[in-house]
Amino acid sequence: MSQLSADRPAPALIFETGAPGRATEYVERSRPHGEFLPPELLRSDLPLPDNSELDVVRHFTQLSHRTFGIDLGFYPLGSCTMKYNPRVNDAIANLPGFRDLHPYAPDELAQGSLAVMYELERSLSSIFGMAAFSLNPSAGAHAELAALLVAKKYFKDRGESKRTKVIVPDTAHGTNPASAAMCGFKVISLPSDARGRVSVEEIEKVLGDDTAVCMMTNPNTLGLFEDRIAEIAAAVHRVGGLMYYDGANANAIMGNVRPGDMGFDLMHLNTHKTFTIPHGGGGAGHGPLGVAAHLVDYLPTPVVRAIPDGKPDVRRAPSDGMRFELDFDRPKSIGPMRSFWSNFAHAVRALSYLYANGAEGLTSVSQLAVLNANYLRVGVSEFLTTPYPEICRHEFVASAQELKKETGVRALDIAKALLDRGFMAPTVYFPLIVPECLMMEPTETESKETLDLFIEALREIVETAKRDPQSVMAAPVKTVVGRIDETRAARQPDLRWRQSG
Amino acid sequence: MGAYTPHTPQEISQMLERIGVGSLEELLAVSPEIAPKAPLDVVPALPEYQIERRMKALAARNRADEYASFLGAGAYRHYAPPAIAALAMRGEFLTAYTPYQAEVSQGYLQAIYEWQSYICLLTGMEIANASVYDGATALAEGSIMAINATGRARLLVSRAVDPRYRAVLHTYCGGLDIEIDEIAVGADGRTDGDSAIAAIEAKKYAAVIVQSPNFFGVIDEIDARIRAAIETSGTVPIAVISEAISLGALRPPAEWGAQIVVGEAQSFGVALAYGGPYVGFIASTAEHMRRIPGRLVGRSVDNRGGEAYTLTLQAREQHIRREKASSNICTNQAHCALIATIYLALVGASGLRDVAGLNLERSRELATAVTSVPGVSLRFEAPFFNEIVVRVGNAAEVLAGLQQRGVLAGVDLGRFYPEYADSILMAATELTTTGEIAKLTAALREVVHVAALR
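Predicted model only: the values in this text are computed from it and were never measured. (Residues numbered from 1 in each chain as written. Chains lettered and ligands numbered in written order. Predicted model: local features only at pLDDT ≥ 70, side-chain atom pairs only at ≥ 80, totals over all residues. Heavy atoms only, no water.)

Another point: the interface of chain A and chain B. Each partner contributes residues to the interface: chain A has 211 residues there, and chain B has 180 residues. Of the roughly 16800 Å² buried between chain A and chain B, counting both surfaces, carbon and sulfur atoms make up 63%. Applying the counting rule to chain A against chain B returns 8 salt bridges. R299 of chain B is the salt-bridge partner of D494 of chain A, the closest N and O atoms lying 2.8 Å from each other. Joining chain A to chain B, the criterion identifies 89 residue pairs in polar contact (both at pLDDT 80 or more). In terms of residue count, the dominant contributor to the side of chain A that touches chain B is helix α11 (residues 344–380) of chain A (28 residues). For the side of chain A that touches chain B, the residue count by class is 113 nonpolar, 56 polar and 42 charged. (Contact = heavy atoms within 4.5 Å. Buried area = accessible area lost by both parts, 1.4 Å probe. Salt bridge = Lys/Arg side-chain N within 4 Å of Asp/Glu carboxyl O. Polar contact = N/O pair within 3.5 Å; in protein donor to acceptor, adjacent residues only side chain to side chain. Helix = DSSP H or I, 4+ residues; strand = E, 2+ residues; numbered from the N terminus. Nonpolar A, V, L, I, M, F, W, Y, C, P; charged D, E, K, R; others polar.)

The structure is reproduced here in C-alpha cells:
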C-alpha cells in the first residue's frame, strides 16, 4: 500500500506540464493544413500540451499508483463480481489477427472472429438455458434496454401494446427501472417480503393484462435465492407477461440452475463480471442478451449465422467445416444497439475463460463463490448484524444500524476505515431496503487466508468503533486524499481544466 | 475445479464445517423442478497452452491483414504508440471498478478529468462526460438530452450522418415514440441546406443532427443560413464526429454552432478489434450540464485541505434516481477513454496536428491516384478530410475484383444508399503507404477495364 500513501504528491494535470514542441514525434511532420483546405474550415489553435514520452509515462504510472484495483488487494464490492482477471485472456485478445481486424472486413476474411462470436453465443445459450444470445449490447444496462425493446416490439406485433407496465422488485439494481423508463414503460416497484424475497401474493396483486415484463435478479441483491421463482414465472406468464433475468449475479448459478429452466424469457449476462473481463475502471463492459425461442427473431442485428448450422466440434481444428456470416437481414429485429457488431475483444476474453474452465470448472466457480460468501457471512455475523441470517448465494448484506445507534459509526465510516487497511470497501447503502447496508461479494478467486484477514480487519474496525468512534469516523487517514467535499463538487462543478489568465 | 480458484480440498471442508453445511451441493440446493435436466454443452476445460494454440488458430482464420486496406466508414486504422498499451494495461487501471471510493481512485479520477478536459478543448464545448459506449450510442443519448431540453418528440437528421448511427438512433427511439425525419444530401456531398431549412420551418424539432466530416468524408458544418433557422425555431444543433483525428485540423464544432457534440474517439489509440470496445463521448454547452448522461468527474477539496477528484452530480444517475434518471447507463468505456487520454498526452498538439495533416495529404494522394483511372471519378466536390466517395460503376462487382487482387478498397455505399450503388467509400490515414495506393490503382485499372468491356 505504500504507493497509495499520503506522502506522495499528486502529479500535476497533464495540461500544466510540458512545453510547445516537446512532444515525442511518432509520425513525420505534415505539410501545413492550409495547403489542403480553405482557412475558414481550419481551427485557429489547438490548445493541447506537448509532453515528452518519458514525462507522459511518469504521469500515468504515478496515476496508476493512486488507483486501487483487484491486482492490489481484496475487492469485495457487492453485485460487481470483482474476481481475478486472468492475463492470458488479454494476451489472446491482443493477438494481431483479432486486434487489427476492421469491422467492415468481408465475412470470408473474418472467419476466426465470427467463429469466436458464434461459439460464445452457443455456449452461453447452453449454460443459461436460452435459445440464443446476441453479443451486440455493450454492457448490462445496454442489454436491459435491448431486452425491453425486444419485449415492446414483440407485444406490438401481437397487438398487445396496452402492456405498459414493468414490475421491478425494490431490491433491483437502479438500471432496471431506468432502462424501463427509457423504453416508455411505467415502473411498478414491488416490496420484498420479510424473507427478503419477492412474494407471490404481492406480485399477483399487480399483475394484469397491462403487465409487460417482470425484471428479476436471482439470486437477488441481498444474495438470497428467490426460491419461489417457478411460481412467480408461472403467474407472470399466466397474464401474458415476460420474465427478464438480470444476470448481474450470474456468478452464483453456473452449472447449478439456469434462467431458462426457471422460466425466464429474456436475460442479460455481464461477462465483465462472471467471465473475468477486466472492469477497467468502469468499462468497457460486455452485455450478451439471451432470449427464449419465441423472441429470437427480435434480437439486435447483426446475428452470426453458421453454414451449415450446428455446433463447432471442439475436438477438431477450430470450427472445421463451418462457414460464418453476419446476418443483417432480420425483419423483426429491434435493429442495432451500437455502432458495430460487439465489444469483440471482450468476446475473445470470455471465450478464453470458458475454455479454461469447461462445464465442470464453471460449476465449481459458482460453488466456491457461494462457499466464500457464506464463510465471510458467518465470520462477519459475529460482530455485525446480518439481517437475513440464512444460507446466501454469492453475496450477502450486513447492516451497521445497531453499531450506529451504539457508537455513531456508520456503514460509510466502516467502508473508509477498510481503505486505510488496504482493502476495497464493500458496496454501501445498497440495496436501499437495508439501513446502513454493507453488501459483500468475495468471489471464488479469493483464498481462505484473504477472507480471514478481511474478517479480522472488519472485526478490529467494529471494536475500535466501540472504543474510539471518532477515529473510525476520521478514516481514511492513510490514503492519498481524505474524505472529499461532495457538496462542493456538486454545487460548484469543476469538470474540466481551463487555461488560467 | 475452476481454473482460477485457490481452494484446497481441506480448506473446502473446513469452510463448509464453519458454515454448518455438509457439502457444496447442499449449499446450492434448488428444487428439482428448476434443476438443469442435462449437463452443460460446452468445450471441456483446456490447459492454458492449448487455449492459446486454439485461439491462435482462430486468429489466423482472419485473413484481412494480407490485403492493402482502405476501409474506414467510422472505424480507422491509425498509429498507436506502444507506450499506450504499456501504461493502460497496468493492473491498477485494468482491474479497478468504477471509482466509487474516491480516496483510493484518485489516479483514475484524475485521468478521466483529463479526458473530459481534452474533449472540451477539442470540441470547444464547456463540459464533457466520462464516456459512453460508442459514437452511435453517444448520438442516441445526446438526442435524448435535446428531447428532454425542448420537450419535443421529433428529430431531424442529415442522411449524411453514418447510417449505422442513424439505425441505432431508430432503435433507441423505438422505445420512446420519437419521430425521425431526414435531410437530403446535396449534389456536393454536404447536407442540403434548402431541405434542412424547409424542414426546420415546417415542424418543431428537438434537434438537428449533422456529422462533420460526414459519412462521405465531406466537411459538413452547419452553415450560417441553417444556423439562423435553428436559432429561430429553438432547436438544439447536434454535431457528430466519427473521425476524431479530424479535430486536429478542423475548427471545433462550437465555432459552427453546435450545442451538443457527440462522437467516437476510437481513432485516439483504440484498437479496431472487429468493432469494439470503442469509446463514445458527449460534450455540450453548460446549459445542458444536468441533462448529460453517465458519469462526470469533478475536482473538489478533501478534509485535509488538498485538491481531490470525485464522481459528481450523481443525482442525474440511475443508481440514485432509478426510473427518473437522465439515462440507464452504468458501465461506460473508462478504459478506452484512458487509452485515448494517453494517446492525446503522448502525441500532444504537435503530433495531433501532424497526424491530421498526414491524413489530409494521403487522402489527396489517394484521390489523385484513383481518379487517374479511366472511368473512375470522385462523386462529390466539397472539401473532404480523409475519406472519399469514388464512383466506379458497379461498386459490389468492382470491390470483389479488387479483393481478388489483394485490395480491400472500402465500403460499398450501395449497402446503405441504393442511389450510390456505383460508389465506394475509401479512407486513407497516416498509415496508408504510396505502395498500397499504387496497388489499388493498378488493380482498379484492371477491374474497371474488365467491367467496361462486359
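Having seen the structure, we can now continue with the description.
One pair of aromatic rings is described through two measures. These are the centre distance and the angle between the planes. Evaluation of the coordinates by the stated rule reveals 34 aromatic pairs over all chains. Each ring, one from Y118 of chain A and one from F324 of chain A, has its centre 5.1 Å from the other, and the planes form 50°; the classification is tilted. With Y118 of chain A in helix α4 (residues 111–128) and F324 of chain A in strand β9 (residues 323–327), this pair connects stretches of sequence that are 206 residues apart. Of the two residues, Y118 of chain A and F324 of chain A, neither departs from the other in class, the shared state being buried. Members of the aromatic cluster, joined through ring pairs, are Y104, F328, F340 and W341 of chain A together with F215, F216, Y278, F380, F416, Y417 and Y420 of chain B. Looking at K152 of chain A, its charged tip hangs above the ring of F185 of chain A, at a distance of 5.3 Å from the centre. (Phe/Tyr/Trp six-rings, centres within 6.5 Å; stacked < 30°, edge-to-face > 60°. Buried < 20%, exposed > 50% of the residue type's maximum accessible area, 1.4 Å probe, protein only. Lys NZ or Arg CZ within 6 Å of the ring centre and 35° of its normal.)

Here A475 of chain A and P476 of chain A are connected by a cis peptide whose omega angle stands at 0°. Cis peptide bonds are those with omega within 30 degrees of zero, and the linkage from S212 of chain B to P213 of chain B qualifies with -10°. Relative to the helices and strands, P213 of chain B is located in the loop between β5 (207–211) and α10 (224–233). Positive phi outside glycine occurs at S131 of chain B, with the angle close to 120°. If you trace the backbone, S131 of chain B turns up in the loop between β2 (127–128) and α7 (135–150).

Further remarks concern the packing of α11 of chain A against helix α14 (residues 448–467) of chain A. All names here are of chain A. Between α11 and α14, the shortest axis-to-axis distance is 10 Å and the interhelical angle comes to 25°. The pairing of α11 with α14 is recorded here as roughly parallel in orientation. α11 and α14 meet at a crossing whose hand is right-handed. On α14, the residues touching N372, Y375, L376, G379 and V380 of α11 are K448, L451, D452, F454, I455 and L458. Of the residues contributing to the contact of α11 with α14, the split by class is 7 nonpolar, 2 polar and 2 charged. (Axes fitted to C-alpha atoms, helices over the stretch in contact; angles between N-to-C directions. Parallel < 35°, antiparallel > 145°, perpendicular 65-115°, else oblique. Left-handed = near helix turned anticlockwise from the far one by under 90°.)

A word on the sheet that holds strand β4 (residues 179–183) of chain B. All names here are of chain B. One open sheet accounts for 7 strands, arranged β2-β8-β7-β6-β5-β3-β4; its pairing is mixed. Strand pairing shows two members of the sheet lacking a second neighbour, β2 and β4, which therefore form its edges. By the bridge criterion, 3 bridges tie strand β3 (residues 154–158) to β5 in an arrangement that is parallel. Across the sheet, residue L155 finds its bridge partner in β5, namely A207. (Pairing = 2+ DSSP bridges.)

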